[in-house]
Amino acid sequence: MNHKLVASTPPLGWNSWDCYGAAVTEDEIRGNAEYMAEHLKDFGWSYITVDIQWYEPLANSSQYRAFVPLVMDEYSRLMPAENRFPSAANGQGFKPLADYVHSLGLQFGIHIMRGIPRQAAHAATPILGTTATARDIAHPNSICPWNTDMYGVDSSKEGAQAYYDSLFELYAQWGVDLVKVDDIAASRLYDTHQPEIEMIAKAIERSGRPMVLSLSPGPAPVEYAEHFAEHANMWRVTDDFWDLWPLLLDMFDRCRTWQGIPKEGCWPDCDMLPLGHIGIRSVDGGGADRWTRFTQDEQLTMMSLWSIFRSPLIFGGELRDNDEWTLSLLTNREVLRMHRDSYGAREALRRDDLIVWTAQNAEGSSYAAIFNVGEKPLPIDFDLEEIDLSGITEGTELWSGTPAELNGNTLRTTIPVHGVRLYRF
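One structure accompanies this document, and this report is about it. Per chain, residues are indexed from 1 in the order of the written sequence. Per-residue local features of the predicted model are confined to residues with pLDDT of at least 70, and side-chain atom pairs are confined, for both listing and counting, to 80 or more; whole-chain, interface and lining totals are unaffected and use all residues. By convention in this description, side-chain values take in all heavy atoms of the structure and omit both hydrogens and water.

### A look at the overall build of the chain
Okay, so step 1: In terms of helices and strands, the chain carries 12 helices and 21 strands.
Okay, so step 2: Its C-alpha atoms put the chain at 75 × 40 × 35 Å along the principal axes.
Okay, so step 3: Evaluated residue by residue, the chain yields a buried proportion of 61% over its 425 residues.
Okay, so step 4: In the chain, the share of contacts with a sequence separation of at least 24, taken over all contacts with a separation of at least 6, comes to 73%.
Okay, so step 5: Charge counting treats Lys and Arg as positive and Asp and Glu as negative, with His and both chain ends excluded. Charge placement uses NZ in Lys and CZ in Arg. For Asp and Glu, CG and CD serve respectively. Computing the positive centroid from 35 side-chain charges and the negative centroid from 60, the chain places the two 2 Å apart. Secondary structure counts use DSSP, requiring at least four H or I residues in a row for a helix and at least two E residues in a row for a strand, with both numbered from the N terminus. Only protein chains enter the calculation, and the probe is 1.4 Å; a residue is then buried if its accessible area is under 20% of its type maximum, exposed if over 50%, and partly exposed in between. Any two residues having at least one pair of non-hydrogen atoms within 4.5 Å are treated as being in contact.

Printed below as a string of structure tokens:
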């Protein structure tokens, strides 16, 4: 099975973290899936992902409760907390919920932490398919700096691969389509955990079920691009991204660092889109229950940069609360076509407050995203030859649908503060 075929274009989906932190419930997953099926599936959106700590019965925000008992089966594998996910009763795990998501024509994802539960290591519980126990394979000084649930797995130990094989065998039985593995792509304490990435990739292959492998958090080191591309489908190029302009401004540098890398099955990931109603049970990003703090122009800038760069698009807000504006950001067919089909994205120009990204599509048209990262409106009278576009006779601004104002090869427009004009020529 070629893992590149699982995500031949960048995935589009929803993840529970930005609105519910570690505390999402089954009803909220089902409700967001129903909204996606009704309003977004027709535009290519397909993944519904349960983020961190679905195995923690009393999780109540994005702040983790340290050293608390987690729900686990007899083989050291974490299981959904039944008080939050009632359909998981009687050892069914996420299969009933995944079946429901599939019945809507969508795909089901889960978040896991790399490693093995500390409680399993302390109790030396069994691992399926090996005589080794959790204690034998745990790497007790390979820990996550911000979460106490797990120890890393020591790849040199007998039984280490068997543990990961048993995990992904279980996820295949549940019908999981995407696994986001955390504390693995970048670490505040250690380097990238390459041996565990390799064990996980092998376990997915052995499971017999195609699954998108997403690695977090970032910033993933660009010098490991080949390793990420060989084993995973998406990997974070940033730490958690929130609705703050300095973080969005910083993404221009991150995308430039990774330009040229995105290709079929391999997607550097700019992180979730903190849009709409977020922070409902999350206190991350310096805010609580709120609508996104990004201005409408900043929202267009984020959607344009993520889309021309071809980052996965993973929406973070409570979908059922979307207003017309927020929904319009997710359902612009021309922008989504650029995201799905374009190639060759690069930063073509950076001058003062002006940043321009360009890309091509197979039919011979070109895209240009022209950004104003400054604090005042930016009028431009711009010769398109500066970004290697010549002989342009017509174009359309994709967010507004209005024709480009062209005089020969010169484009004239005014770009609002922190805003963008996204053209197809």
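### Quick notes on the sheet that holds strand β1 (residues 12-15)
Okay, so step 1: Only strands that DSSP links by at least two bridges are regarded as paired with each other. Taken in spatial order, the eight strands of this open sheet run β10-β9-β8-β7-β3-β2-β1-β13, and their pairing is parallel. Across the chains shown, the open sheet's two edge strands, defined by having one partner strand only, are β10 (267-269) and β13 (313-315). Sheet twist, expressed as the mean angle between neighbouring strand axes with direction ignored, is 25°.
Okay, so step 2: Sheet topology note: the strand β3 (residues 107-113)/strand β7 (residues 178-182) ladder contains five bridges and is parallel. Residue pairing for β7: H111 is matched across the bridge by K180.
Okay, so step 3: Against the sheet, helix α2 (residues 26-39) engages β1 and β2 (47-50), with an angle of about 165° to β2. Orientation is described by lines fitted to C-alpha atoms, with helices fitted over the stretch in contact, and by angles between N-to-C directions that extend from 0 to 180 degrees.

### With respect to the nonpolar core
Okay, so step 1: By size, the foremost hydrophobic cluster in this structure holds 122 residues, and its most contacted members are W45, I110, F168, Y171, L215, W306 and W357.
Okay, so step 2: At nine residues, the largest contribution of residues to this core is made by helix α6 (residues 160-174).
Okay, so step 3: In contact with I110, not counting residues within four places along its chain, are T49, V50, W54, F94, Y171, W174, V176, L178, V179 and K180.
Okay, so step 4: Throughout, nonpolar core names a set of buried Ala, Val, Leu, Ile, Met, Phe, Trp, Tyr and Cys residues whose side chains join them through atoms within 4.5 Å. Counting 17 residues, the second largest nonpolar core, distinct from the first, contains I387, A404, Y423 and F425.

### Concerning α2
Okay, so step 1: With 14 residues, α2 should reach 20 Å at 1.5 Å per residue; the first-to-last C-alpha distance of 20 Å fits that figure.
Okay, so step 2: Inspection of α2 places E26, E28, I29, G31, N32, A33, Y35, M36 and A37 among the buried residues, and these make up the whole buried set.
Okay, so step 3: At its buried positions, α2 is contacted by β1, α1 (17-20), β2, α3 (95-103) and α11 (324-330). In this scheme, a helix's expected span is set at 1.5 Å multiplied by one less than its residue total.

### Examining the side chain of T148
Okay, so step 1: Within the secondary structure, T148 is located in strand β6 (residues 147-153).
Okay, so step 2: Residue classification places T148 among the buried positions, given a relative accessible area of 18%.
Okay, so step 3: Each residue touching T148, except ones within four places of it in the same chain, is listed here: R65, A66, F67 and R118.

### Topic: the pairing of β1
Okay, so step 1: Here β1 shows no split at all, with L12 and W14 on one side and G13 and N15 on the other all buried.
Okay, so step 2: Bridge count for β1 against β2 is three bridges, and the pairing is parallel. In the strand pairing of β2, N15 is matched with T49.

### Description of the packing of α6 against helix α7 (residues 194-207)
Okay, so step 1: Direction vectors running N to C along α6 and α7 enclose 45°, while the axes themselves pass 8 Å from each other. Comparing their axes, α7 and α6 come out oblique. The element α6 and its partner α7 pack so that their crossing is right-handed. The residues of α7 that touch α6, namely those facing A160, Q161, Y164, D165, F168, E169 and A172, are E196, M199, I200, K202, A203, I204, R206 and S207.
Okay, so step 2: In this classification, Asp, Glu, Lys and Arg are treated as charged, Ala, Val, Leu, Ile, Met, Phe, Trp, Tyr, Cys and Pro as nonpolar, and every other residue, Gly included, as polar. In terms of residue class, the contact of α6 with α7 is built from eight nonpolar, two polar and five charged. Any angle that is under 35 degrees is reported as roughly parallel, and any over 145 degrees as roughly antiparallel; angles of 65 to 115 degrees are reported as roughly perpendicular and all others as oblique. Left-handed is the label given to a crossing in which the near helix is rotated counterclockwise from the far helix by less than a right angle, and right-handed is the label when the rotation is clockwise.

### Details of the sheet that holds strand β18 (residues 396-397)
Okay, so step 1: Reading across from one edge, β14-β15-β16-β21-β18 is the order of the five strands in this open sheet, with antiparallel pairing throughout. If you trace the sheet from one side to the other, it starts and ends with β14 (343-351) and β18, each paired once.
Okay, so step 2: Relative to strand β21 (residues 420-424), β18 runs antiparallel, the two sharing two bridges. Along β21, the bridge assignment pairs E397 with Y423.

### Examining the packing of helix α10 (residues 296-309) against helix α12 (residues 333-341)
Okay, so step 1: Where α10 contacts α12, the axes come no closer than 7 Å and their chain directions differ by 35°. Note on element contacts: α12 touches α10 through V335, M338 and H339, opposite S304, W306, S307 and I308.
Okay, so step 2: A breakdown of the residues in the contact of α10 with α12 according to their chemical character gives four nonpolar, three polar and no charged.

That is the geometry; function is a separate question.
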